[in-house]
Each structure stands twice: as C-alpha cells, then as structure tokens.
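Below are the chains, spelled out letter by letter.
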Amino acid sequence: MRDGELPSNEDDLPHDVRPCPVCGGAAHERIFAQRFAAVSGASLHAGYDVVVCSRCGAGFADRIPAQPAFDAYYRDMSKYEYHQRDGAESEYDRKRMEVIAAVVAPYIPSPDSRILDIGCASGSLLHLLRQRGFVSVTGMDPSPGCAQTARRLYDLRVVTATLDDLPTIGERFDFAILVGVLEHVRELSSALAAVRSALSPRGRIYVEVPDVLTFTDWSNAPFQDFSTEHINFFSPTSLANLMRVNGFVPVFSEQNARHQSFGTVMSNIS
Ligand SMILES: [Zn+2]
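We now turn to the structure provided with this report.

The rules behind each value
Residues numbered from 1 in each chain as written. Predicted model: local features only at pLDDT ≥ 70, side-chain atom pairs only at ≥ 80, totals over all residues. Heavy atoms only, no water. Pairing = 2+ DSSP bridges. Helix = DSSP H or I, 4+ residues; strand = E, 2+ residues; numbered from the N terminus. Salt bridge = Lys/Arg side-chain N within 4 Å of Asp/Glu carboxyl O. Buried < 20%, exposed > 50% of the residue type's maximum accessible area, 1.4 Å probe, protein only. Expected span 1.5 Å × (residues − 1). Arc of directions from axis to C-beta. Core = buried A, V, L, I, M, F, W, Y, C linked by side-chain atoms within 4.5 Å. Contact = heavy atoms within 4.5 Å.

### Points about the sheet that holds strand β9 (residues 232-233)
Pairing is antiparallel across the open sheet formed by four strands, whose spatial order is β1-β2-β3-β9. Each edge of the open sheet is held by one strand with a lone partner, namely β1 (28-35) and β9.

Right, dumping it as structure tokens:
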C-alpha cells in the first residue's frame, strides 16, 4: 500500500455496510480507515471506516457491529459511573453540567414538566435541574451501575434501559434530554422514534453532540472524537437534517465550546 492510500474495502472489518443514519442513503465516500488495538475482554470493535454520505453529506462510522454489541458494551463496560471518584463526576464535568442546566432550563415549559435525561450517567444534570425548581426528573441509562450511583448520590429515580426499551417503560415525558448520546447510537431514526413515542404531544427534546466542524480546532479532538464509542460525526446541518426527517421542529440551535477535563475542549452543537 502506498502512503496515504486506504486499505481495500475487503480488508479486516467483518461487518456490513451501514446506510446513512441520517437520510438512509446507501452511497458514501470513504475518507479514513480508523483502526484500534484490541483490549482483552473490552473491545467493542476493531475499528471502522469514516465515511461521508453522498446524498446528504452526513459523516458516520461504517462497517460497525450490530446494535446488540453496542447494547452489551454500554451495559457491561460503561465508564460513566466514575468508580474512581466514588461516583462523583470531575470538577470539569460538574461545571459543564451547570452550563448545560442553564442552557436547557429556559426551554422546559414549566416547573412540573416531566423531564427525562437519556444517558444520564451519575445523574448530576437532573440533580442541578431539580435544584432549579424542576420537581419531576427521571433518568435513564443502559448501565445498572449508573442507576445505583444516581440513587445513592442524588436520590434520583433512574430506569435501566436502552433507547429501544423506551416505548416499553410506559411513561410519557414533556422534555427529553440527550447530551452526548446520539453520537453513540447506531440506529438514529429508530432511537428518535422511541424518544418521540415517550413524549407528550407538545413534548420537547434537547440534543447535544460533538461538532465535527471543529474537530481540527483542538489538539485532542481527532483522538477523542474518532473513538471506539463515537460512530456519528454531526455538523449543524446533519443534526438539523436528522431532526427534521424524524419529525422534530427546531426551537433553537447553537454551536459552543466548553472546557473539560485534562485541559481539553469539547465543541458541541445543541
Ligand atoms: Zn445521508
């Protein structure tokens, strides 16, 4: 192989070609072959191809495992319980959650709106919203450890479930929060349909994902954002397209940059 040439499509990845998770298009251009070293007992996959949809321009990871492999990974291998700090998030994460609570709060219709934080980890965002006067807060996370931690630290109710389980929990919410979730989700349309099914008729959804347009702005970004877990690479346009094709009407959109642990910066679209 010459320098700069991508490995052939028939190389080392066993998984099928993935349709565009935003528009469903089958054609795409492969721009990078991302591969990972195996970690014994902890590897989700050996890598993926970073591709761009020829139809809508969305960036995503192709030739990744089916959803059950991701479900098992987030159930068993979750790192979001912060065992190393007895469940507490870092100072940077706490500050980040305070900023997000301040962004989200004005869009929550009333103090008794039923709020669901999907992928709530240890529950700090819900805790902060409750401190701001929102009384009906529920968390959801695929990791049982996260539910235990949220209960212990903040006396929060957290349902252990994946997005696909959401319609079966039989509850309706007025405001769903997905911070740092959709970049991890393989089947975006079915995930958003599940969220929609759990929302009240005038329900709202707040989504925050890493901003692919800024990946080159921060030294950490190429390593952090093309990680084993991140499989969708959103721009403001592709996020807006995704929400629109799944029947959501925009209320507001912004691009931001927030400092986080180890002196790194994460840029987001919300
Ligand atoms: Zn597409």
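Having seen it, we continue.
### Focus: the pattern of salt bridges
Counted according to the given criterion, the structure contains nine salt bridges. Measuring nitrogen to oxygen at the nearest pair gives 3.0 Å for the salt bridge that ties R75 to D76. Exposure remark for R75: the relative accessible area of 43% places this residue in the partly exposed category. Note that R157 and E171 form a salt bridge whose closest N and O atoms lie 2.4 Å from each other. Taken together, the positions of R157 in strand β6 (residues 157-160) and E171 in the loop between β6 and β7 (173-179) put the pair 14 residues apart, joining distant regions of the chain. Taking the relative accessible area as the measure of exposure, R157 reaches 41% and is therefore partly exposed. The class of E171 is partly exposed, set by a relative accessible area of 28%. Residues joined by salt bridges that share partners form a network here, namely R30, R35, D49 and R63.

### A short note on helix α2 (residues 91-104)
Between its first and last C-alpha atoms α2 spans 20 Å; for 14 residues at 1.5 Å apiece the expected length is 20 Å, and the two agree. All buried positions along α2 are accounted for by D93, R96, M97, I100, A101, V103 and V104. Projected down its long axis, α2 carries its buried residues within an arc of 160°, all on one side.

### What about the nonpolar core?
Core analysis: the largest hydrophobic core is formed by 34 residues, its most contacted members being I118, L163, L166, L178, L182, V195 and L242. Counting only elements with at least two residues in this core, the list comes to β2 (47-53), β4 (114-118), β7, α5 (188-197), β8 (199-210) and α7 (236-245). Residue contributions to this core peak at five residues, all from α5. Excluding anything up to four places from it in sequence, I118 contacts M140, L163, L166, A176, I177, L178, V181 and V195.

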